[in-house]
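Residues per chain, in single letters:
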Amino acid sequence: MLSFETLYSMGHEQVVFFSDSSCNLKAIVAIHNTVLGPALGGTRMWPYASEQEALTDVLRLSRGMTYKASISGLDLGGGKAVIIGDPTKDKSEALFRSYGQFLQSLNGRYITAEDVNTTVADMEHIFTETDNVAGVAQIHGGSGNPSPYTALGVYRGIEASCTKVYGDRSVKGKVISLQGAGQVGRSLGEILHNNGAKIIFTDINEKNIQLFKDTIPSAEFVKSDEIYDVDCDIYAPCALGATVNDQTVERLKCQIVAGAANNQLAEDKHGEILMKRNILYAPDYLVNAGGVMNVSIEFEGWNDDKSKRMVNTIYDTSLNIFALSDKENIPVNKATDKLAEARIESIRKIKGAYVGTNIAPRFPGRKQR
Ligand code: NAD
């Protein structure tokens, strides 16, 4: 199952299994890289078909967090956790508190937050047992639900893409095909609509479709598979990953792909195909970093202004990446990886310089050696 060969090839530092049969806890934490700081990433709860599937997911997701934190300029490393279980049946106070106690044992090397199927309420239970959790309720000085900040970041990425493609950051009059009318999709749809864009959307969940229609009555609905054929300026994937794939990439009738979903390109080659088709791809793990930026503000005392100020930097970072992609004639996804890796390497190199003066006393009451 888990081999050092896999960990070496993917670059992980540590993988930990937590089990507590009293509350049916089966969790895996993967710490990918802590060069830039403690590993931060959400806890996903999912009824995985097998332990292997859960392990594969957590290894992949934690690696993605390293790149996301790096490109976003955060002093954080990459990590992620999965809890194997059905979120509709298996959640309990005991499960999340037990999980929180285990997290405490990692001594701050990994800090968790919300992810798919985990909520602010779940973070509150974890917070009862450990400080190493972000995204707790705003009433406790936390940052709460990250989705509106993720949506704002995606919007900044879309504006940067418009600047690059049309020479003007405004979305006024642009047609957006939006896939996924969930928490981020709805929030993004609202911002785009309020700034003059026309929205064509799809979803498979009746409740979310209705909520979206209630929020933006002028939005036009299309069936799930029709979204790839919509004549539009911008395709915004906000549902699942890998929607730019062999079956869809030639169908897209847009100039820009920019959305919230993680890992939008099924394979790297799809980034090259988009480039050849003259479709600009906004780097997914940068433009959807608003949520992680928002929780990172908790370490310095969260407030809305500080968070939005950081999320707004996605506009300039996206433009820098587009410029690098042009300069080196490489796809945007490659340019993003290159910048993220370069930052980690440069900081890795300065670690160790004057290390003696950088370490704060860990045992203030004890005599220093
Ligand atoms: P969500 O579950 O609230 O919304 C996802 C929506 O996609 C749901 O309405 C679902 O019905 C719809 N959907 C699923 N399959 C579909 C399909 N085949 N066709 C059309 N619609 C489909 O999730 P969310 O929090 O809005 O996140 C959206 C995406 O953004 C996810 O991929 C998530 O990983 C990513 N993301 C979210 C955040 C955040 O802050 N929430 C941060 C970073 C990345």
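Throughout this document, residue positions are counted from 1 along each chain, in the order its sequence is written. At least 70 in pLDDT is required for a residue's local features to be given in this predicted model, at least 80 for side-chain atom pairs to be given and counted, and no such filter applies to totals for whole chains, interfaces and linings, which use all residues. With hydrogens and water set aside, each side-chain value is computed from the structure's full complement of heavy atoms.

A. Seen up close, the pairing of strand 2 (residues 25-33). With eight of nine residues buried, strand 2 is to be regarded as a mostly interior element. Pairing between strands is defined by DSSP: at least two bridges between the two strands are required. Secondary structure is summarised from DSSP: a helix means a run of H or I of at least four residues, a strand means a run of E of at least two, and numbering begins at the N terminus for each. The pairing of strand 1 (residues 14-20) with strand 2 spans seven bridges and is antiparallel. Residue Phe17 lies in a different strand from strand 2, and its bridge partner there is Ile28. Adjacent in sequence and paired antiparallel, strand 1 and strand 2 are bridged by four residues, among which Asn24 carries a positive phi angle near 65 degrees. Here strand 2 runs beside strand 5 (residues 77-84); their pairing, made up of six bridges, is antiparallel. Bridge pairing in strand 5 places Ile28 opposite Val82. Each residue is placed in one exposure class: buried if its accessible area under a 1.4 Å probe, protein chains only, is under 20% of its type's maximum, exposed if it is over 50%, and partly exposed if it falls in between.

B. Representation of the sheet that holds strand 11 (residues 256-257) in the model. Read from one edge of the open sheet, six strands run 9-8-7-10-11-12, paired in parallel fashion. The open sheet has two free edges, formed respectively by strand 9 (220-221) and strand 12 (280-281), since each of these has just one partner strand. We call two residues in contact whenever any of their non-hydrogen atoms come within 4.5 Å of each other. Helix axes are fitted only over the stretch in contact, all axes being lines through C-alpha atoms; the angle between N-to-C directions runs from 0 to 180 degrees. Lying over the sheet, helix 6 (residues 183-194) contacts strand 7 (175-179), strand 8 (198-202) and strand 10 (234-237), oriented at roughly 170 degrees with respect to strand 7.

C. Layout of the environment of Ala30. In this fold, Ala30 is placed in strand 2. Linking Ala30 and Val58, residues 28 residues apart in sequence, is a C-alpha distance of 6.2 Å.

D. Looking closely at the site of the ligand. Lining the immediate surroundings of the ligand are 21 residues, of which Thr150, Val184, Asp203, Asn208 and Ala239 lie closest. The term polar contact refers here to a pair of N or O atoms within 3.5 Å; inside protein, the definition further demands a hydrogen-donor-capable atom paired with an acceptor-capable atom, and it admits residues adjacent in sequence only when both atoms are side-chain atoms. With respect to the ligand, the side chain of Asp203 contributes an N or O atom lying 2.6 Å from an oxygen atom. The contact in question runs from an oxygen atom of the ligand to an N or O atom on the side chain of Asn208, over 2.7 Å. The protein chains shown are the only cover counted for residues, whose accessible areas, like all others here, come from Shrake-Rupley with a 1.4 Å probe. Bound to the protein, the ligand loses 76% of the 830 Å² it would expose on its own. Secondary-structure elements contributing two or more residues to the shell around the ligand are helix 5 (147-166) and helix 6. Split by residue class, the shell around the ligand holds nine nonpolar, 10 polar and two charged. For each residue, the test is whether any non-hydrogen atom lies within 4 Å of the molecule or strand; if one does, the residue is near. Under the scheme applied here, ten amino acids are nonpolar (Ala, Val, Leu, Ile, Met, Phe, Trp, Tyr, Cys and Pro), four are charged (Asp, Glu, Lys and Arg), and all others, including Gly, are polar.

E. Geometry of the packing of aromatic side chains. What counts as a ring pair is set by centres within 6.5 Å for rings of Phe, Tyr and Trp (its six-membered ring), and what kind of pair is set by the plane angle: stacked under 30 degrees, edge-to-face over 60, tilted for all other angles. A full pass over the atoms with the stated rule returns seven aromatic pairs. Taking 6.2 Å as the distance between ring centres and 90 degrees as the angle between the ring planes, the aromatic pair formed by Tyr149 and Trp302 counts as edge-to-face. Here the residue Tyr149 occupies a position in helix 5, and Trp302 occupies one in the loop between helix 10 (290-296) and helix 11 (304-311), the gap between them amounting to 153 residues. Judged by its relative accessible area of 8%, Tyr149 falls in the buried class. Take Trp302: its relative accessible area is 18%, and that puts it in the buried class. Among the aromatic residues, those joined into a cluster by ring pairs are Phe18, Tyr99 and Phe102. The ring of Tyr315 is capped by Arg169, whose NZ or CZ atom sits 3.8 Å from the centre of that ring. By definition, being over a ring means that NZ of Lys or CZ of Arg is both within 6 Å of the ring centre and within 35 degrees of the ring normal.

F. Inspection of helix 13 (residues 332-350) at higher detail. The end-to-end C-alpha separation of helix 13 is 28 Å, in line with the 27 Å expected for 19 residues at 1.5 Å each. For helix 13, every residue scored as buried is listed here: Val332, Asn333, Ala335, Thr336, Ala340 and Ile344. Residues of helix 13 that are buried in the fold lie against strand 2, helix 2 (51-71), helix 8 (268-276), strand 12, helix 9 (284-287) and helix 12 (314-328). Expected span of a helix: the number of residues minus one, times 1.5 Å.

G. Up close: the pattern of salt bridges. Salt bridges are defined by distance alone: a side-chain nitrogen of Lys or Arg within 4 Å of a carboxyl oxygen of Asp or Glu. Applying the stated criterion across every chain, the model contains 23 salt bridges. Here Lys91 makes a salt bridge to Asp122, at a shortest N to O gap of 2.6 Å. Taken together, the residues Lys91 in the loop between strand 5 and helix 3 (93-105) and Asp122 in helix 4 (residues 120-129) connect sequence positions 31 residues apart. When the shortest N-O distance is used, the salt bridge between Lys306 and Glu300 registers 3.5 Å. Relative accessible area serves as the criterion here: at 28%, Lys306 is assigned to the partly exposed category. Classification of Glu300 by relative accessible area gives exposed; the value is 53%.

H. Layout of the nonpolar core. Throughout, nonpolar core names a set of buried Ala, Val, Leu, Ile, Met, Phe, Trp, Tyr and Cys residues whose side chains join them through atoms within 4.5 Å. Core analysis: the biggest nonpolar cluster contains 75 residues, and Ile158, Leu188, Leu192, Leu252, Val257 and Leu274 have the highest contact counts within it. Among the elements that make up this core, the one with the highest residue count is helix 5 (eight residues). For each domain, the first and last residues come from an automatic or database assignment. The residue makeup of this core includes at least three contributed by each of domain 1 (4-68 + 76-133) and domain 2 (147-330). Beyond its immediate chain neighbours, meaning those up to four positions away, Leu192 contacts Tyr155, Ile158, Val171, Ile176, Ala197 and Ile199. Counting 21 residues, the second-largest nonpolar core is a separate cluster that includes Met45, Ala81, Leu95 and Phe96.

I. Quick look at the domain arrangement of the chain. Once the domains are mapped, the chain shows domain 1 (4-68 + 76-133) and domain 2 (147-330). If you average the C-alpha positions of domain 1 and of domain 2, the two centres end up 27 Å apart. Taken residue by residue, the interface counts eight residues in domain 1 and 10 residues in domain 2. Applying the counting rule to domain 1 against domain 2 returns two residue pairs in polar contact (both at pLDDT 80 or more). Its residues placed into classes, the side of domain 1 that touches domain 2 shows six nonpolar, no polar and two charged.

J. Fine view of a nonpolar patch on the surface. Think of a patch as exposed residues, more than 30% relative accessible area, with no salt bridge, where like charges cluster within 9 Å and nonpolar side chains (Val, Leu, Ile, Met, Phe, Trp, Tyr) cluster within 5 Å. A contiguous nonpolar patch, built from Met1, Leu2 and Phe17 and spanning about 310 Å² of accessible area, is present on the exposed surface. Mapped onto the elements of the fold, Met1 is located in the segment before helix 1 (4-10).

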